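# Examining the three-dimensional arrangement
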Amino acid sequence: MSDNTISVIRVRDTLMVTVPSDPDDSTVSDLQDRVLQAMERHDAKGVVLDISSVETLDSFFAQTVSETARMVTLMGGRTIIVGMRPAVAVTATQIGVTLGDIETALTVERALDLTAAKPALKRVPRKSP
Amino acid sequence: MSGNAEGEVSIRTEADIVAARRAVREVVVALGFGITDVTRIVTASSELARNVFKYGGGGVMRWRRVESNGRRGVELQFIDHGPGISDVGLALQQGYSTAKGLGLGLPAAKRLMDELDIHSVIGEGTTVTSKKWCAS
């Protein structure tokens, strides 16, 4: 609980962003700046956003995450959200939170596999039947 | 604190939004709400506390335990003395917002709580009163 900061570390070509359980609004806003700066500095291909500790995903938080993901896309990267708790998913759905086109994964390992397997800007178009 | 039947949290700074969330979490966990309802109530509180701070110029959150027909629940009141809401019905519609907000706060809280009433007087302020009942 005392640790209320966002950590951003680089793992291979990906940024691992870990969000604390109960961040205040400035910490959430700070997330956007730090992710975008780290994208540029590390020439990262993607962002894995670990929200497995997060207990409250309200509209402000959701909006910031979804905005950040759009910006990461503009910078040529992809964003994968990891570890949303069941109660948080239920609540977010109920209030109509949409995280846009952000990909999700259940575990960090799977998310890292995703960023390694499919770099951004090289999406395979879906085959028509 | 959670042993009390009622209490309040002053909402003056951004950090107080977190304080309000934590106070509510403690109260509703002690009341026996399940994890999904706890998350719903805390999320609603976060939206309403932020409204008080951002649009109401600060205020207070009051909580109290309530009982009706043998059911236990919690009542949360968010009180500010800000500009007031001119059209409450409109404010409850998803997507509506005046102050660069998301237009999600009030409608979100309404969906997550069992009851939600808004009393607002232009130039005097807004009081949002909401309740959630334990499922069992």
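Residues numbered from 1 in each chain as written. Chains lettered and ligands numbered in written order. Predicted model: local features only at pLDDT ≥ 70, side-chain atom pairs only at ≥ 80, totals over all residues.

### Thoughts on the pairing of strand β4 (residues 78-82) of chain A
All names here are of chain A.
- Among the five residues that make up β4, five are buried, leaving the element largely enclosed by the rest of the structure.
- Burial along β4 is two-sided: Arg 78, Ile 80 and Val 82 and Thr 79 and Ile 81, pointing in opposite directions, are all buried.
- Two strands pair when backbone bridges link them, and strand β3 (residues 46-50) and β4 are joined in this way by five bridges, in the parallel orientation. Bridge pairing in β4 places Asp 50 opposite Val 82.
- Assessed by its sense of winding, the connection that carries the chain from β3 through helix α2 (residues 59-74) to β4 is right-handed.
- As paired elements, β4 and strand β5 (residues 103-105) share three bridges and run parallel to each other. The partner of Ile 80 across the bridge, within β5, is Glu 103.
- With helix α3 (residues 86-94) bridging β4 and its parallel neighbour β5, the resulting β-α-β unit is right-handed. (Buried ≥ 20, exposed ≤ 12 C-beta atoms within 10 Å, placed from the backbone. Helix = DSSP H or I, 4+ residues; strand = E, 2+ residues; numbered from the N terminus. Pairing = 2+ DSSP bridges. Right-handed = clockwise from strand over helix to strand, strands pointing away.)

### A closer look at the interface of chain A and chain B
- Across the contact, 17 residues belong to chain A and 21 residues belong to chain B.
- When residues of the side of chain A that touches chain B are traced back to their parent elements, those giving at least two are α1 (25-42), α2 and α3 of chain A.
- Ranked by the residues each element gives to the side of chain A that touches chain B, the list is headed by α3(A), at five residues. (Contact = placed C-beta atoms within 7 Å.)

### So, the nonpolar core
- If you look at the biggest cluster of nonpolar residues, it comprises 61 residues, and the most contacted ones within it are A:Val47, A:Val48, A:Leu49, B:Val24, B:Ile41, B:Ala49 and B:Ala109.
- The leading source of residues in this core is helix α2 (residues 35-54) of chain B, at eight residues.
- Those residues in contact with B:Ile41 that sit more than four places away from it in its chain are B:Val24, B:Val28, B:Phe33, B:Val74, B:Leu112 and B:Lys132. (Core = buried A, V, L, I, M, F, W, Y, C linked by C-beta atoms within 7 Å.)

### Here's the deal with the sheet that holds β4(A)
Residues and elements named next belong to chain A.
- Taking strand neighbours across the sheet as the criterion, the five strands line up as β1-β2-β3-β4-β5 in an open arrangement whose pairing is mixed. Two strands lie at the open edges of the sheet, namely β1 (7-11) and β5, each paired on one side alone. Across the sheet, the axes of successive neighbouring strands diverge by a mean angle of 25°, strand direction being ignored.
- Packing against the sheet, α1 makes contact with β1, β2 (14-18) and β3, and its axis sits at approximately 155° to β2.
- Seen against the sheet, α2 touches β3 and β4 and runs at an angle of roughly 145° to β4. (Axes fitted to C-alpha atoms, helices over the stretch in contact; angles between N-to-C directions.)

### Re the confidence of the model for chain B
Residues and elements named next belong to chain B.
- In the predicted model, chain B carries a mean pLDDT of 90, and the fraction of residues at 70 or more is 90%.
- Predicted confidence is poor over residues 98-102, with pLDDT under 50, and the contacts of this stretch with residues over four places away or in other chains come to seven contacts.
- Model confidence for the complex: the whole-complex pTM is 0.88, and ipTM, which rates the interface, is 0.86. (pLDDT = per-residue confidence, 0-100.)

### A few points about helix α4 (residues 105-112) of chain B
- The element α4(B) is largely enclosed, with a buried count of seven among its eight residues.
- For α4(B), the set of buried residues is B:Gly105, B:Leu106, B:Pro107, B:Ala108, B:Ala109, B:Lys110 and B:Leu112.
- Elements that come into contact with the buried residues of α4(B) comprise α2 and α3 of chain A together with α2, α3 (88-91), β4 (115-121) and β5 (125-133) of chain B.

### Describing the packing of α3(A) against α2(B)
- Two elements in contact, α3(A) and α2(B), have axes separated by 9 Å at closest approach and are oriented at 50°. By the criterion of interaxial angle, the relationship of α3(A) to α2(B) is oblique. Where α3(A) crosses over α2(B), the handedness of that crossing is right-handed. When α3(A) is examined against α2(B), the residues A:Ala87, A:Val88, A:Val90 and A:Thr91 are found in contact with a partner set consisting of B:Ile35, B:Thr36, B:Thr39, B:Arg40 and B:Thr43. (Parallel < 35°, antiparallel > 145°, perpendicular 65-115°, else oblique. Left-handed = near helix turned anticlockwise from the far one by under 90°.)

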